[in-house]
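What follows is the residue order along each chain.
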Amino acid sequence: MGQKLKITGWVAIGAVAGALTTVQLQAVARGTLAPLPLEELQQLAAVFGMVKTDYVEPVDEKKLISEAISGMVASLDPHSQYFDKKSFKEFREGTSGRFVGVGIEITMEDGLVKVVSPIEDSPAFRAGLKTGDLITKIDDTAVKGLSINDAVKLMRGEPRTKVLLTIFRKDENRSFPVTITREEIKTQSVKAKMVEPGFAWVRVSQFQERTIEDFARKVEDIYKADPKLKGLVLDLRNDPGGLLDAAVALSAAFLPENVTVVSTNGQLEESKFVYKTIPQHYLRRGGSDPIQRLTEATQGALKKVPLVVLVNEGSASASEIVAGALQDHKRAVILGSQTFGKGSVQTVRPLGPETGLKLTTARYYTPSGNSIQAKGIVPDVMVDETLEGNVFAALRTRETDLQKHLGNGKDAEPPMTDARRAEEQQREEARELARKRLEEEARKNPGQRLVPEFGSDKDFQLQQALNQLKGQPVVVSKTLTVRSVDEKKDN
């Protein structure tokens, strides 16, 4: 990639706002390719002048311009974004796997922040926060009505500063305050263990700077503990993406040398590129090659060990690249449900020392030339979340559900027929039924997980993956279907 791409920073992949997204960081701004629309620019300047002089109260000029840029970029697609000083810092923290905060994985429930899991040995973990706890206030700000990104911003801050969280614990039916001192959090994106003699489970929850180093180290440990590895399950469920070079490196761990992992194509010449399983395409700053070290340490075992990859609707972008590469090269059996469908590349260019622009510049394609955008990866074997069916699948948003999402670029968008309208209506009804079911189950079993923890002995999809590796019968879904491209598009 070297001279052709002129990349001075990182390339990343991801799903939606709040997760990571595909980026190339470039240091040089481009000249315009066409004359600027003078009349419209004059109109913009006139509006700015009227707002400045006529608005009911004085406005911050810099903030007004910043918001105008933000709105212009946000109108393009869900993944293009203007970074102000604070959001640029948070973006870089997300790709590094380090940030300053309290140390919890969160989601939203009934307008409140719900603790999915405290990160081990984090301030929140030491303060006693538990899975299922609801955060109702952050300092003096009520959480109800905040977006999850706004809540995250309030909980993050400078090291050694304090934040007061008001917690409601359902199973104890009480609220209580917890004061937590923020500190740097180092997230662990790789988990690995032997689930049975000869069979390993490796989970990658996000593609970050240290992911491949952690992956290589943990798989080496597994191989040392059991060199006669019979099968491996690579778990990419709910992995929103991350760094592209990490996705290429992870694919290279399992594939032969110098085969295609992913290709990109866009309007700019530099956006047309083919990434292969060679060190030049995944080593970002030179130095040692953890994939080569892993291959040597395991005597090439990962290149031939039977492999199953677990995916679901939450698997996006970088995880879809890995799944697509392993599927196209027939290196693994993909098991689970259709993935998110985020197949576009964003380039991040600095606009100054502390601000930047993330702009969609290309789509990416699997080795066989299939576009992932708004379609995702269709598993070889469709398997439900539990024996009873799918608990969360109907509630999960996919790329094709996002407003202004980019088209597939290859498959034509199907026309809006009565059948498609009926299908969308059925999907909305299924979501409402699933939502009511979850609320009822939560009332019956407060504080309990409705879907078993990934990697546990109650993980139904993991058990089916092990059955696949052993040549035993797999309980295939009777309800999961493939969603077609762009079933819902809002321009």
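This structure is a prediction, so every number in the text was calculated from the model and none was measured.

Here's the deal with the overall build of the chain
Part 1 of the argument: Looking only at helices and strands, the chain has twelve helices and 22 strands in total.
Part 2 of the argument: Taken across its 491 residues, the chain has 48% of its residues classed as buried.
Part 3 of the argument: Long-range contacts, defined as pairs at least 24 residues apart, comprise 72% of the intrachain contacts of the chain with a sequence gap of at least 6.
Part 4 of the argument: On the chain, roughly 24,200 Å² of surface is accessible, and the fraction owed to carbon and sulfur atoms is 53%.

Notes on the confidence of the model for the chain
Caution applies to low-pLDDT parts of the model: their predicted coordinates are not meant to be read in detail.
Part 1 of the argument: Of all residues in the chain, 81% attain a pLDDT of 70 or more, and the chain-wide mean is 84.
Part 2 of the argument: Low pLDDT, under 50, characterises residues 1-32; the predicted model gives this stretch 117 contacts beyond four residues in sequence or across chains.
Part 3 of the argument: Ignoring residues within four places in sequence, the model shows residues 486-491, a span with pLDDT below 50, making 27 contacts including any to other chains.

Some details on the sheet that holds strand E13 (residues 199-204)
Part 1 of the argument: The strand order E12-E13-E14-E18-E19-E22 describes an open sheet built from six strands, whose pairing is mixed. In the strand order of this sheet, the two ends are held by strand E12 (190-196) and strand E22 (381-382), each with one partner.
Part 2 of the argument: With four bridges joining them, strand E18 (residues 307-311) and strand E19 (residues 333-336) adopt parallel strand pairing. Across the sheet, the residue bridging to Val-311 is Gly-336, located in E19.

Thoughts on the pattern of salt bridges
Part 1 of the argument: Within this structure, the stated rule accounts for 14 salt bridges.
Part 2 of the argument: Note that Glu-172 and Arg-169 form a salt bridge whose closest N and O atoms lie 3.7 Å from each other.
Part 3 of the argument: A relative accessible area of 7% places Arg-169 in the buried class.
Part 4 of the argument: Between Asp-235 and Arg-237 there is a salt bridge, with the nearest N and O atoms lying 2.6 Å from each other.
Part 5 of the argument: Its relative accessible area of 0% is what places Asp-235 among the buried residues.
Part 6 of the argument: Salt bridges sharing partners connect three or more residues here, namely Asp-133, Arg-169, Glu-172 and Arg-174.

Focus on the environment of Asp-384
Part 1 of the argument: Structurally, the position occupied by Asp-384 is in the loop between E22 and helix H11 (418-444).
Part 2 of the argument: On the basis of relative accessible area, Asp-384 is assigned to the buried category, the value being 9%.
Part 3 of the argument: Sequence-wise, Asp-384 and Gln-461 are 77 residues apart; in three dimensions their C-alpha atoms are separated by 7.0 Å.

A short note on the nonpolar core
Part 1 of the argument: One finds Phe-215, Leu-232, Leu-234 and Phe-254 to be the most contacted residues of the largest nonpolar core, which totals 51 residues.
Part 2 of the argument: Counting residues per element, this core draws most heavily on helix H8 (residues 244-254), which supplies nine residues.

Let's talk about the side chain of Ser-87
Part 1 of the argument: Along the chain, the position of Ser-87 falls in helix H4 (residues 85-96).
Part 2 of the argument: Of the polar contacts made by the side chain of Ser-87, one reaches the side chain of Asp-84; its length is 2.8 Å.
Part 3 of the argument: Residue contacts for Ser-87: discarding those within four places in its chain leaves Gln-81 and Tyr-82.

Re unusual backbone geometry
Part 1 of the argument: For Arg-160, which is not glycine, the phi torsion reads 70° and is therefore positive.
Part 2 of the argument: Checked against the element boundaries, Arg-160 lands in the loop between helix H6 (148-155) and strand E9 (162-169).
Part 3 of the argument: On the basis of relative accessible area, Arg-160 is assigned to the exposed category, the value being 72%.

Topic: the packing of aromatic side chains
Part 1 of the argument: Under the defined criterion, the tally for this structure stands at three aromatic pairs.
Part 2 of the argument: Judged by centre distance (6.1 Å) and plane angle (65°), the rings of Phe-215 and Phe-254 are edge-to-face. In this pair, Phe-215 is assigned in helix H7 (residues 211-225) and Phe-254 in helix H8, connecting sequence segments 39 residues apart.
Part 3 of the argument: Between the NZ or CZ atom of Arg-237 and the centre of the ring of Phe-454, over which it lies, the distance is 3.9 Å.
Part 4 of the argument: Its end group placed over the ring of Phe-199, Lys-470 keeps NZ or CZ at 5.5 Å from the ring centre.

Structural notes on helix H9 (residues 290-297)
Residues separated by three or four positions in an α-helix point in the same direction, a consequence of the helix having 3.6 residues per turn.
Part 1 of the argument: Of the positions making up H9, those classed as buried are Pro-290, Ile-291 and Leu-294. Projection of H9 onto a plane perpendicular to its axis shows the buried side chains occupying an angular sector of 100°, all on one side.
Part 2 of the argument: On its buried face, H9 is in contact with H7 and H8.
Part 3 of the argument: Backbone nitrogen of Ile-291 and a side-chain oxygen of the N-cap are separated by 3.0 Å at the start of H9; the cap is Asp-289.
Part 4 of the argument: Of the residues trailing H9, Gln-299 is marked for its positive phi of about 55°.

Basis of the calculations
- Just so you know, the residues in each chain are numbered from 1, in the order the chain's sequence is written.
- In view of the model being predicted, local features appear only for residues whose pLDDT reaches at least 70, and side-chain atom pairs are presented and counted only at 80 or more, with totals across whole chains, interfaces and linings using the full set of residues.
- Values shown for side chains rest on all heavy atoms present in the structure; no hydrogens or waters enter the calculation.
- In DSSP terms, a helix is any run of H or I states spanning at least four residues, a strand is any run of E spanning at least two, and both are numbered starting from the N terminus.
- Between buried and exposed lies partly exposed: a residue is buried under 20% and exposed over 50% of the maximum accessible area for its type, with that area taken using a 1.4 Å probe on protein chains only.
- Here a residue-residue contact requires only that any non-hydrogen atoms of the pair lie within 4.5 Å.
- To be clear on the numbers: accessible area is Shrake-Rupley with a 1.4 Å probe, and residue cover counts the displayed protein chains and nothing else.
- What pLDDT expresses is the predictor's confidence in each residue, scored from 0 to 100.
- Pairs of strands are assigned from DSSP output, requiring at least two bridges between the strands.
- The term salt bridge refers to a side-chain nitrogen of Lys or Arg lying within 4 Å of a carboxyl oxygen of Asp or Glu.
- Think of a nonpolar core as a cluster: buried Ala, Val, Leu, Ile, Met, Phe, Trp, Tyr and Cys residues, connected wherever their side-chain atoms sit within 4.5 Å.
- We define a polar contact as two N or O atoms separated by no more than 3.5 Å, with the added condition that, inside protein, one atom must be a possible hydrogen donor and the other a possible acceptor, whereas residues neighbouring each other in sequence contribute only through side-chain atom pairs.
- Geometry of aromatic contacts follows a simple scheme: Phe, Tyr and Trp rings, the Trp one being its six-membered ring, pair when their centres are within 6.5 Å, and the pair is stacked under 30 degrees between planes, edge-to-face over 60, tilted otherwise.
- Here, a charge over a ring is recorded when the distance from Lys NZ or Arg CZ to the ring centre is within 6 Å and its angle to the ring normal is within 35 degrees.
- Directions pointing from the helix axis toward each C-beta atom define the arc.

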